[in-house]
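Breakdown of the fold
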Amino acid sequence: MTQDLRVAQGRGYLAIPGPSVMPDAVLRAMHRASPNIYEGELLDMMEPLTADLRRVARTKHHVAIYIANGHGAWEAALANVIAPGERVLVPATGRFGIGWGEMATGLGADVQVLDFGKSNPWDLDQIAEELRADAGHQIKAVLAVHVDTSSSVRNDVPALRAVLDEVGHPALLMADCIASLGCDEFEMDAWGVDVMVTGSQKGLMVPPGIGFVFFNEKAAAKRSVMSRVSRYWDWVPRANPEEFFQYFGGTAPTHHLYGLRAALDMIHEEGIEHVWARHQRLAQAIWAACETWSENGELRLNVTDRTFRSHAVTALRLDAPNGTALRNWVQKNLGLTLGIGLGMAEPGDPARDAFFRLGHMGHVNGQMIMGVLGGIQAGLSALDIPHGHGAVEAAAAVIAGR
Ligand SMILES: Cc1ncc(COP(=O)(O)O)c(C=O)c1O
């Protein structure tokens, strides 16, 4: 006899692809009275904080901080280097590539989208062709989403740099690392990225609310010839402030800064290479489980080639409406929240209920991932969704290094 007993009490797990799980150390650092914004500790924090941010981004160049989410960071980056009427190329591999392009359209840019669909990485030959065809160098920037969180495609940024170099195209390479920084390997300077945007709420393990724009000298040179840049988005005073308030274009995000300090300490104490390796190992465990479930039944990983899968988010599908049914079941019965599918089907289309995503970014460890996978296993069983057997064991073997 099946017994219906909810076991959702206890600490819940938000396994969505951002905002990510907040470390207690970050929460504790933020739990304090308001600091003085005119002198003292908060002001003294900024230099080491920006240096440690640059270490995570692997850049010697500049960082500007905005009180903003990822959309704000997108706009900030564009506002500094793209004038109305200038062309940008967007190789899109999911909803977020399209979204950054829409943001550029809103700023008056001439946006050329190369849409590679919802499951495939960039086709570098096609990008090369577009760049070659632009003999007059009208394209001023390529907007490159490293990991598209909707599809979980992870694109090859250094290969895109190589294409720009081979073609001899001077466009800025602008990378969205909102879902990858602090999770997947990313090397801003070594990979020749000119501008990089990210947010606080995923690999950086801080609540949503601060956005970052990193930029190098080539991007700074383009900024310097812009006929006008909005005072608020202008990265010059933020990156080289004469007064403290200029870091933020106004009042500082006081508590976020304390949280960020704690998070950066955690990242550097672990070591960024280890952070990448941890995400990779945990992602491989998730893939091992999902591939096993998919051997018999309807579960499918959105990205078939492991080379192009994010190590921080995994997009999956079941037959509709089982994706939504599974999410609802694990949330109600186990206290486990999985991510909704994003950008895979239009609103009102019943196919939307097929998709779901797992977030495995930031403050995650082996037992949390095993918990997510065990929870999904319970949901598949409870809902009688056909699936291959041995998935949790397969994941455990990966975590065990077998
Ligand atoms: C890759 C990527 N770009 C941009 C965004 C937009 O960020 P936000 O929702 O913080 O505005 C997200 C959010 O999930 C994202 O994952």
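Scope of this entry: the structure provided in the associated data block.

**A closer look at the side chain of Arg357**
Following the sequence through the fold, Arg357 ends up in strand S14 (residues 355-359). For Arg357, which is buried and forms no salt bridge, the nearest opposite charge comes from Asp148, at a distance of 7.0 Å. Of the polar contacts made by the side chain of Arg357, one reaches the backbone oxygen of Thr149; its length is 2.9 Å.

**Quick notes on the packing of aromatic side chains**
For the structure on display, the rule yields 9 aromatic pairs. An angle of 70 degrees between the planes, with centres 6.1 Å apart, marks the rings of Phe244 and Tyr247 as edge-to-face. Like Tyr247, Phe244 is buried. Taking 5.8 Å as the distance between ring centres and 40 degrees as the angle between the ring planes, the aromatic pair formed by Tyr247 and Phe248 counts as tilted. Among the aromatic residues, those joined into a ring-pair cluster are Tyr66, Tyr232 and Trp233. Residue placement shows Arg32 over the ring face of Tyr258; its charged tip is 3.5 Å from the ring centre.

**Structural notes on the pattern of salt bridges**
Enumeration over the complete set of coordinates arrives at 17 salt bridges. In this structure, Asp165 engages Arg161 in a salt bridge whose closest nitrogen and oxygen atoms are separated by 3.2 Å. Residue Asp165 and its partner Arg161 are located together in helix H6 (residues 157-167), separated by 4 residues, close to a single helical turn. In this structure, Asp194 and Arg161 form a salt bridge, with 3.6 Å as the shortest nitrogen-oxygen distance. Of this pair, Asp194 sits in the loop between strand S8 (172-176) and strand S9 (195-199) while Arg161 sits in helix H6, and the two are 33 residues apart along the sequence. Classification of Arg161 as buried rests on a relative accessible area of 12%.

**Structural notes on the packing of helix H10 (residues 272-293) against helix H13 (residues 391-399)**
Between H10 and H13, the least distance of the axes is 8 Å, while the angle of their chain directions is 155 degrees. The angle between H10 and H13 places the two elements in the roughly antiparallel class. For the element pair H10 and H13, the recorded crossing hand is right-handed. On H13, the residues touching Arg281, Leu282, Gln284, Ala285, Ala288, Ala289, Thr292 and Trp293 of H10 are Ala391, Ala394, Ala395, Val398 and Ile399. Each residue belonging to the contact of H10 with H13 can be placed in one class, and the counts come to 10 nonpolar, 2 polar and 1 charged.

Calculation criteria
- Residues numbered from 1 in each chain as written.
- Predicted model: local features only at pLDDT ≥ 70, side-chain atom pairs only at ≥ 80, totals over all residues.
- Heavy atoms only, no water.
- Helix = DSSP H or I, 4+ residues; strand = E, 2+ residues; numbered from the N terminus.
- Buried < 20%, exposed > 50% of the residue type's maximum accessible area, 1.4 Å probe, protein only.
- Lys, Arg positive; Asp, Glu negative; His and termini not counted.
- Salt bridge = Lys/Arg side-chain N within 4 Å of Asp/Glu carboxyl O.
- Polar contact = N/O pair within 3.5 Å; in protein donor to acceptor, adjacent residues only side chain to side chain.
- Phe/Tyr/Trp six-rings, centres within 6.5 Å; stacked < 30°, edge-to-face > 60°.
- Lys NZ or Arg CZ within 6 Å of the ring centre and 35° of its normal.
- Axes fitted to C-alpha atoms, helices over the stretch in contact; angles between N-to-C directions.
- Parallel < 35°, antiparallel > 145°, perpendicular 65-115°, else oblique.
- Left-handed = near helix turned anticlockwise from the far one by under 90°.
- Contact = heavy atoms within 4.5 Å.
- Nonpolar A, V, L, I, M, F, W, Y, C, P; charged D, E, K, R; others polar.

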